[in-house]
Amino acid sequence: MRRIRAISPWGLRTRLVAAFLLVAAISAVGTAALTYRQARTAVLTQSQDTAVSGLRDQLAAHTLQLPLDQQQLQQIVTELGKRGTPHGWHVYGEYGSLRAGSNPGGPPTSPLITADMRSRLGGVPHGAFQRTTDANGTPYVVVGMPATFRLGGVRRPTGAVFYAVMPLATERQTVQLMVDAARNGALPGLAIALVPALLAARSVLRPVRNLRKAAQRMGRGELDTRIEVRGADELAGLARTFNETARALENSVDELRQAEARARRFAADVSHELRTPLTGMLAVTEVLDEDAERLDPDTARALRLISNETGKLAVLVEDLMEISRFDARAAELNLDDVDLAEAVRKTLERRHWVDERVVTDLPEGVRARLDSRRFDVVLANLVGNALKHGGAPVRVSVRTETRVGGDWLTLRVADSGPGIAPEVLPHIFDRFYKADAARTRSAGSGLGLAITKENVHLHGGTVRAAAGPDGGAVFTVEMPLEAGA
Amino acid sequence: MRGVGGARGARFVGGVGGVGGVRGAGGVRGAVGVVALALGGALLTAGCGIKPTGVIESGQPAEVSVAMASYATQVYFLSPTGGLVPVPESGYPPAAPSDVLRRLLRGPRESERAAGLRTEVPALPDSKESGPSWRVEQNGDGEMTVRLPFPVRPLSAGAQRQLVCTAAGTAGAAPTTVEVTLFGPDGGLPAAHCPALG
């Protein structure tokens, strides 16, 4: 129970929450990444396109005097440099071997203009741009724009090419902001996803927990346990099935109990009904016993047989009634304070087992709290059984010992007979169990040991039979010194 | 009861969407998570920042005005990298086609050389400059035959382009539509167009 309640690493809750978070993480990261890529592309495209068209438009406003000389090239470049887009740019012009840069006093060309860019613009006239980074890792966009002119309706290159080098610092900042925003948005998103994950896990786990508790209650015998069916999902279906099964089980168990109760009541009724006529018969046979001597021998023997059997029948009926009371749980303890040795001796005396057939080993002055009538029945049954089926001498010993929760007494009855066969031992306390199949008619009712066991149980103790170390059978009764305590 | 619980758990997780498996498949599940995380991380890190690109063409070139007379023709020289660079010839009256070619053979002037312009057409000794062998013929179908007083076969590709474009520019029509055949004392070259540049 406790082991199941502990949060296991791959328990249902962990797995549900993990699955939830995984889905949330994938969707958050995926959305953020796609949005970011799209936004970054848009930002950069806009900057690049603005730079390209800006350079093209501003260059178109100029009139070139071919061939260009250094002065004219420098003048155009300086003019273009002043009209940079909002971020500002540096413009470089190339014509033949002439080079000019817009940065006053700066270099006439830039290392960011790649050879690839120059060769691509040399032949085919079109605008072009290239994103690149300088030595410090700062991103730049380099726009290349050849100057062409119309000749006979056809565009001809002038041979002059202008380059604008523009830092993408603002764009980089914007892109970094977007990355930060995506990251800062994803983590709280995951944290928020934890809430529905836990709720979903709870909605699944609560019915499961209820089901487990109900099953445990059923196991303890509370067959009227039912689960509240909520919703219409699979778990509700399971709960419904559980309830139906529990109802069917309860009905079956009820029927069985009623049948058993009827059977026990029948046995009790039968024995009760038998007792009244038996009492009369016993009285009659006693009278007849006294008159038997005056009858002829055959009739006398028949009379004694009837008398004997009637006595056995009366014992059987008494035992049946006793066991019926146990079955009906009507048996009660009437506790007395008794001296153990005294109680044992009294039982033996009452049965006239005071000769050498019974040897006792009793502690003097030990007082116990028990039902003296039932203790008498227990001891009498055990000793009677030992004398009948075992053999003299029968040793009766009583010991006391201290255990956790109180003192216990151990009553041991050992006989000197042939002992009990091992296959018989488990059944020795069963009702009407006959150890010897041939000996179908014994003196006892066949209920003596069963009644003994019930009486010991009533005291909260146990009784067991075993083979003695020197042969013979040993019956051991262990029960609390203070019964019912 | 415990066994039943285990079976339920396995079936349930299967229903979540194949993310996990039965208890024994925890490793597979972990691997899926790791892959997903790695994928996300790769997406985030690889996609961050501004990446350099190659050269990307973007639209038309700039169209500038060039200060020259409407009747001017162009003489084509070569830039240091080998591109054709036109230089207007705006003298009045307009020069005859053969005069324009003579101008080309004389090579770039001082100001043009200062800009790094050069020519690959060999210069001629003065005696041949005004010989009768200069002839530029043009028929109505946009074909032009140019007879030159020097061998044309040894001419470099750059020199041929210079001659073809300069000659085509004198035709009055769009220079790229004119088909020019160069002839010299050593025979002719295949007919050629001035390369179309947009």
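Computed from a predicted structure; not experimentally measured.

Caption draft 1: Spotlight on the side chain of Asp371(A). Within the fold, Asp371(A) resides in strand S9 (residues 367–371). Once residues within four sequence positions are removed from consideration, Asp371(A) is found in contact with Glu332(A), Leu333(A), Asn334(A), Leu335(A) and His459(A).

Caption draft 2: Up close: the environment of Ala314(A). All names here are of chain A. The topology assignment puts Ala314 in helix H7 (residues 297–327). Look at Ala314 and you get buried, because its relative accessible area is 16%. Taking C-alpha positions, Ala314 is 8.1 Å from Leu282, a pair spaced 32 residues apart along the chain. When sequence neighbours within four positions are dropped, the list of residues in contact with Ala314 reads Leu278 and Leu282.

Caption draft 3: Fine view of the environment of Leu211(A). Residues and elements named next belong to chain A. Tracing the sequence through the fold places Leu211 in helix H5 (residues 169–219). Residue class for Leu211 comes out buried when judged on its relative accessible area of 16%. Between the alpha carbons of Leu211 and Ile227 there is a distance of 7.1 Å; along the sequence they are 16 residues apart. Once residues within four sequence positions are removed from consideration, Leu211 is found in contact with Ile227, Leu238, Ala239 and Phe242.

Caption draft 4: Region of interest: the nonpolar core. Among the nonpolar cores identified, the biggest contains 70 residues, and Leu59(A), Tyr95(A), Phe162(A), Leu163(B), Val180(B) and Leu182(B) are the most heavily contacted of them. Apart from the residues lying within four places of it in its own chain, the contact partners of Leu59(A) are Ile76(A), Leu80(A), Met145(A), Ala147(A), Phe162(A), Ala62(B) and Val64(B). By size, the runner-up hydrophobic cluster in this structure holds 38 residues, among which are Val344(A), Ala368(A), Leu409(A) and Val424(A).

Caption draft 5: Summary view of the interface of chain B and chain A. Taken together, the contact pairs 59 residues of chain B with 71 residues of chain A. Here chain B packs against chain A, burying approximately 5,800 Å² in sum over the two surfaces, 63% of which is carbon and sulfur. At the boundary of chain B with chain A, the tally comes to three salt bridges. When contributions to the side of chain B that touches chain A are tallied by element, the ones reaching two or more residues are helix H1 (2–17), helix H2 (26–46), strand S1 (56–57), strand S2 (62–63), strand S3 (65–66), strand S4 (73–78), strand S5 (84–89) and helix H4 (110–114) of chain B. Considering each element in turn, the side of chain B that touches chain A owes the most residues, six residues, to H1(B). Partitioning the side of chain B that touches chain A into residue classes produces 33 nonpolar, 18 polar and eight charged. When strand S4 (residues 128–133) of chain A meets S1(B), the two strands line up antiparallel, connected through two bridges. Within the sheet, the bridge partner assigned to Ala128(A) lies in S1(B) and is Glu57(B).

Caption draft 6: Inspection of the confidence of the model for chain A at higher detail. With 95% of its residues at a pLDDT of 70 or more, chain A has an overall mean of 86. Mean pLDDT across the secondary structure elements of chain A bottoms out at helix H1 (residues 2–5) of chain A, with 46, and peaks at strand S13 (residues 473–480) of chain A, with 92.

Caption draft 7: The pairing of strand S5 (residues 139–151) of chain A, seen in detail. Residue and element names in this part refer to chain A. Of all 13 residues making up S5, twelve are buried, and the element is well covered by its neighbours. Here S4 pairs with S5 via six bridges, running antiparallel. Paired with Gln130 across the two strands is Val142, which belongs to S5. Taking the residues that link successive antiparallel strands as the turn, the S4-S5 hairpin has five residues, and the phi of Gly137 there is positive, at about 85°.

Caption draft 8: Fine view of the sheet that holds strand S11 (residues 406–414) of chain A. All names here are of chain A. What the five strands build is an open sheet, ordered S8-S10-S11-S13-S12; its pairing is mixed. Strands with a single pairing partner mark the edges of an open sheet, and in this sheet they are strand S8 (358–361) and strand S12 (462–467). Neighbouring strand axes in the sheet, compared pairwise and without regard to direction, differ in orientation by 20° on average. Pairing analysis gives seven bridges linking S11 to S13, with the strands arranged antiparallel. Following the sheet pairing, Leu411 is matched in S13 by Val477. Contacts from helix H9 (residues 372–389) reach S8, strand S10 (394–403), S11 and S13, with the element oriented near 25° to S11.

Cut-off values and rules
Residues numbered from 1 in each chain as written. Chains lettered and ligands numbered in written order. Predicted model: local features only at pLDDT ≥ 70, side-chain atom pairs only at ≥ 80, totals over all residues. Heavy atoms only, no water. Helix = DSSP H or I, 4+ residues; strand = E, 2+ residues; numbered from the N terminus. Contact = heavy atoms within 4.5 Å. Buried < 20%, exposed > 50% of the residue type's maximum accessible area, 1.4 Å probe, protein only. Core = buried A, V, L, I, M, F, W, Y, C linked by side-chain atoms within 4.5 Å. Buried area = accessible area lost by both parts, 1.4 Å probe. Salt bridge = Lys/Arg side-chain N within 4 Å of Asp/Glu carboxyl O. Nonpolar A, V, L, I, M, F, W, Y, C, P; charged D, E, K, R; others polar. Pairing = 2+ DSSP bridges. pLDDT = per-residue confidence, 0-100. Axes fitted to C-alpha atoms, helices over the stretch in contact; angles between N-to-C directions.

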